[in-house]
Structures are given as C-alpha cells and as structure tokens.
Amino acid sequence: MAPENVPAKGAIHAVSPDRNVALRDTQNWASYDHRTLYESVHVDNDPGQAGALAEEWAGLGRDIDESAQLMREVLVASEEGWQGEAAAAARGAIRELADWSETAAQTAGGLGHRIGEQGEIMANARAAMPEPVEFDWHATLVNGFASGGMAGFAAAVADVKNK
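Residues numbered from 1 in each chain as written. Predicted model: local features only at pLDDT ≥ 70, side-chain atom pairs only at ≥ 80, totals over all residues. Heavy atoms only, no water.

This part covers the overall build of the protein chain. When helices and strands are counted, the protein chain shows 4 helices and 0 strands. Element order for the protein chain, N to C, with α for helix and β for strand: α-α-α-α. Expressed as a percentage of its 163 residues, the buried residues of the protein chain come to 19%. A sequence separation of at least 24 residues applies to 69% of the contacts in the protein chain between residues at least 6 apart. Only carbon and sulfur atoms are counted for the fraction: they give 57% of the accessible area of the protein chain, which is about 12000 Å². (Helix = DSSP H or I, 4+ residues; strand = E, 2+ residues; numbered from the N terminus. Buried < 20%, exposed > 50% of the residue type's maximum accessible area, 1.4 Å probe, protein only. Contact = heavy atoms within 4.5 Å. Areas by Shrake-Rupley, 256 points an atom, 1.4 Å probe, with all protein chains shown as cover.)

Written as structure tokens, this is what we have:
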C-alpha cells in the first residue's frame, strides 16, 4: 500500500474507493507469438476459481457490513442507559470502527466484483483464442523449391503470404 494511504497515528483511515490505485503497466500483446498467448489463457488459468474467489470476497463484504450495522444498532441502544464522558468516548470509538467497517465492507465487495469481472475476461479470452496452427515457413519454402523448382518456390511464397 502506498505510504500516503497508511496513517502514522490517529483516526482509522482507508483508501478511498474512488481512488484508482490499479496497476498501469501495459503489455504489447502483438509482440507475443500465438502459442505464448494461447498458453497464457489456457494453462493454469481457471475462470471458475476466479468466480469462487469473487464470491468469497463479496460474502466477506456482506459479513463485515452486517457487523458494522450491528455495531450501529448497539450504539443507538446504549444511548439511554449509558451516559457520561466515558460512554461518549466509547461510543465515538465504536462509531469510528463502524465507519471503518463500512468502508472495509465496500472495499471487499468491490474487490469481489473486480475479481468476478476478471474471471469473465479470462473466460472470454479462453473462448475466443483459437488453438495455434503450427507452420514452418522456412520448411514450406525449401520444400516448395525442392519439389517444383522456381514455380514450386513461387507457389510456396504465395502459400506463406496466405498463412
């Protein structure tokens, strides 16, 4: 986490959900050969696992939110029977914890949503990526020349262009 997101002391702070802290590195996908791209979406890439993980995070967010709401209910219920400076200080600390918990719940739910989106992207990439066709252009040209002279070579060149 970036240092500006971690307070040295004082109130509990969280990264704002509106703050974009995503990785910004881009890939030049055109620089990868087809086999590498194919393997990157078909080997050790299980969209179902991402979906399960997304649901775990979403569930965690719901659980944290439920706890935050329960804290707020207890705070309201304690106001009549618990008075004084210590009570106010304790309620203030619990209110701060409930606020932080709501932010944590939103963050966990948002993370679950993003992981779910990533799983969909993975599934779409798997479905859209055709298996590579192995083609040796050098062997095609050599065999074309060997089997048909210049005419065979010309046909092989045309075949390479079509591949």
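Picking up where we left off.
Looking at the protein chain as a whole, the pLDDT averages 82, with 72% of positions reaching at least 70. Across residues 1–9, where pLDDT falls below 50, the model places 6 contacts with residues more than four positions away in sequence or in other chains. (pLDDT = per-residue confidence, 0-100.)

On to the environment of Ala90, then. One can find Ala90 in helix 3 (residues 85–128). Given a relative accessible area of 22%, Ala90 falls into the partly exposed group. On a C-alpha basis, the gap between Ala90 and Leu75 in space is 9.4 Å, while along the polypeptide they are 15 residues apart.

Quick look at unusual backbone geometry now. For Asp44, which is not glycine, the phi torsion reads 55° and is therefore positive. For Asp44, the position within the fold is in the loop between helix 1 (34–42) and helix 2 (47–81). You can call Asp44 exposed: its relative accessible area is 80%.

Bringing a nonpolar patch on the surface into the picture now. A surface patch of nonpolar side chains, about 300 Å² in accessible area, is lined by Leu53, Trp57, Leu60 and Leu111. In terms of residue count, helix 2 provides more of the nonpolar patch than any other element does, 3 residues in total. Assignment of secondary structure puts Leu53 in helix 2. You can call Leu53 partly exposed: its relative accessible area is 38%. (Patch = residues over 30% accessible without salt bridge, like charges linked within 9 Å, V, L, I, M, F, W, Y side chains within 5 Å. Salt bridge = Lys/Arg side-chain N within 4 Å of Asp/Glu carboxyl O.)

To continue, consider the pattern of salt bridges. Close approach of charged atoms lets side chains of opposite charge pair. Per the stated rule, a full pass over the model turns up 5 salt bridges. In this structure, the salt-bridge partner of Arg62 is Glu55, at a minimum N-O distance of 2.6 Å. In this structure, the salt-bridge partner of Asp99 is Arg72, at a minimum N-O distance of 2.3 Å. Of this pair, Asp99 sits in helix 3 while Arg72 is found in helix 2, placing the two residues 27 residues apart along the sequence. Judged by its relative accessible area of 22%, Arg72 is partly exposed. The network of salt bridges with common partners includes Arg72, Asp99 and Glu102.

The subject of this paragraph is the side chain of Asn45. Assignment of secondary structure puts Asn45 in the loop between helix 1 and helix 2. The exposure class assigned to Asn45 is buried, which follows from its relative accessible area of 11%. If sequence neighbours within four positions are ignored, Asn45 has contacts with Ser40, Met122 and Arg126.

Since the α-helix advances by 3.6 residues per turn, residues separated by three or four positions end up pointing in the same direction. Compared with the 51 Å implied by 1.5 Å per residue over 35 residues, the 52 Å span of helix 2 between its first and last C-alpha is a close match. For helix 2, the N-terminal cap is Asp46; the gap from its side-chain oxygen to the backbone nitrogen of Gly48 is 2.9 Å. (Expected span 1.5 Å × (residues − 1). Polar contact = N/O pair within 3.5 Å; in protein donor to acceptor, adjacent residues only side chain to side chain.)

All right, on to the environment of Ala108 then. Secondary-structure assignment places Ala108 in helix 3. In this structure Ala108 touches Trp57, Ala58 and Gly61, once residues within four positions along its chain are discounted.

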